[in-house]
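Here is what each chain is made of, one letter per residue.
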Amino acid sequence: MRNLNEENITAEVIQRFADCSDTRLKTLINSLVTHLHGFIREVEPTEKEWGQAIDFLTRTGQMCDDKRQEFILLSDTLGVTMLVDAINHRVNSKTATESTVLGPFYVADPPEAEIGAGIDDGIDGEPLFVEGRVCDEAGQPLADVVIDVWQSDGEGVYDVQKPELDGASLRARFRTDAQGHYAFWSVTPSPYPIPTDGPVGQMLEITGRHPFRPAHVHFMLMAPEYETLVTQVFADGDPYLDSDTVFGVKDSLVKDFELKPAGQAPDGRRLDKPYRYFRYDFGLKAA
Ligand code: BEZ
Ligand code: FE
């Protein structure tokens, strides 16, 4: 086919994929071409603008290595990550916990810790005690569920962002006991900006968006025969709950990080200064 123009080029591009034997791939490409051409028809970019778009994507790729994934950050900040999450983790019951974005600071296989242990070795900050139960959708407690937790410190910085640190800090792996209970001590996290030293940071800046996430603690729960749950618990009252730069906040994941006076904590530990406390009970969906 020759003499392609604005009207007929989309159909011809789709036709070129007609022999693709992978039907799912063919569906994906047909839709991609349709929507991409539709976008171009709608906005009618100048050649200079299209060049800038290519340059932005090139720089996004060049920013990626085994530690930094700028394309995921782009997906996060455009709401695509949360849309994919919403489609793949529809919650139909009141008892299953909602999921949210994984983020770039998860490290697989963190050090194992005993229930009730502190994950804040050598970290200054306001003490935080977290506990709860893990149940199935029928409310039966689940024993031996693997719970990976990770979070920023009180300045909004993760261990992997501290080159001087050797090893894990404010991250650990717990296993629920026979009653499905878990607990740990930590420090209260704070809101923080996502990494802004790349093209995604420039995009946020140029478009007048802030880069902040509300304070949160990350959880990943894994148990045989249950769907892995990737989620976060957010601090109620945080100024960024309604404008999380990666669109990850859900009401069911917001908890009061209660300020408690010095004295005896729920696990019997005596605190000589005020501390914060939240309880979060998780519900896992059968796989
Ligand atoms: C995080 O919560 O760790 C995070 C999520 C998405 C992008 C950047 C950070
Ligand atoms: Fe985070």
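Residues numbered from 1 in each chain as written. Chains lettered and ligands numbered in written order. Predicted model: local features only at pLDDT ≥ 70, side-chain atom pairs only at ≥ 80, totals over all residues. Heavy atoms only, no water.

## Quick look at the overall build of the chain
Looking only at helices and strands, the chain has six helices and 14 strands in total. Along the three orthogonal principal directions, the C-alpha set of the chain runs to about 80 × 40 × 35 Å. Here the chain holds 287 residues, and 39% of them are scored as buried. Restricting the contact set of the chain to residue pairs at least 6 apart, pairs at least 24 apart contribute 70%. Within the structure as shown, the chain displays about 16200 Å² of accessible surface, and the carbon and sulfur contribution to it stands at 53%. (Helix = DSSP H or I, 4+ residues; strand = E, 2+ residues; numbered from the N terminus. Buried < 20%, exposed > 50% of the residue type's maximum accessible area, 1.4 Å probe, protein only. Contact = heavy atoms within 4.5 Å. Areas by Shrake-Rupley, 256 points an atom, 1.4 Å probe, with all protein chains shown as cover.)

## What about the coordination of the iron ion (ligand 2)?
Binding of the iron ion (ligand 2) to the protein goes through Tyr158 (OH), Tyr192 (OH), His216 (NE2) and His218 (NE2), at separations of 1.9 to 2.1 Å. Seen from the iron ion (ligand 2), its six donor atoms lie at angles of 54 to 165°, and the figure they make is irregular. Counting along the primary sequence, the residues that act as donors to the iron ion (ligand 2) give the motif Y-x33-Y-x23-H-x1-H. Pair noted here: Tyr192 is in strand S5 (residues 192–193) and His218 is in strand S7 (residues 216–222), with a separation of 26 residues, a long-range link. (Donors = N, O, S within 2.8 Å, 3.2 Å for Na, K, Ca; no water. Tetrahedral: all angles 85-135°; square planar, octahedral: opposite > 155°, others 65-115°.)

## Thoughts on the sheet that holds strand S9 (residues 254–255)
Within the open sheet, the five strands sit side by side as S3-S2-S7-S8-S9. Their pairing is mixed. Each end of this open sheet is capped by a strand with a single partner; those strands are strand S3 (171–175) and S9. By the bridge criterion, five bridges tie strand S2 (residues 146–151) to S3 in an arrangement that is antiparallel. Each residue of the ladder has a partner; that of Val149, found in S3, is Ala172. (Pairing = 2+ DSSP bridges.)

## Points about the site of ligand 1
Around ligand 1, a shell composed of Leu73, Asp76, Gly103, Pro104, Phe105, Tyr158, Tyr192, Ile194, Arg213, His216, His218 and Val246 is seen. Residue Tyr192 places a side-chain N or O atom 2.6 Å away from an oxygen atom belonging to ligand 1. Contacts to ligand 1 include Arg213, whose side-chain N or O atom sits 2.5 Å from an oxygen atom. Contact with the protein chains covers 100% of the free accessible surface of ligand 1, which is 260 Å². (Near = heavy atom within 4 Å. Polar contact = N/O pair within 3.5 Å; in protein donor to acceptor, adjacent residues only side chain to side chain.)

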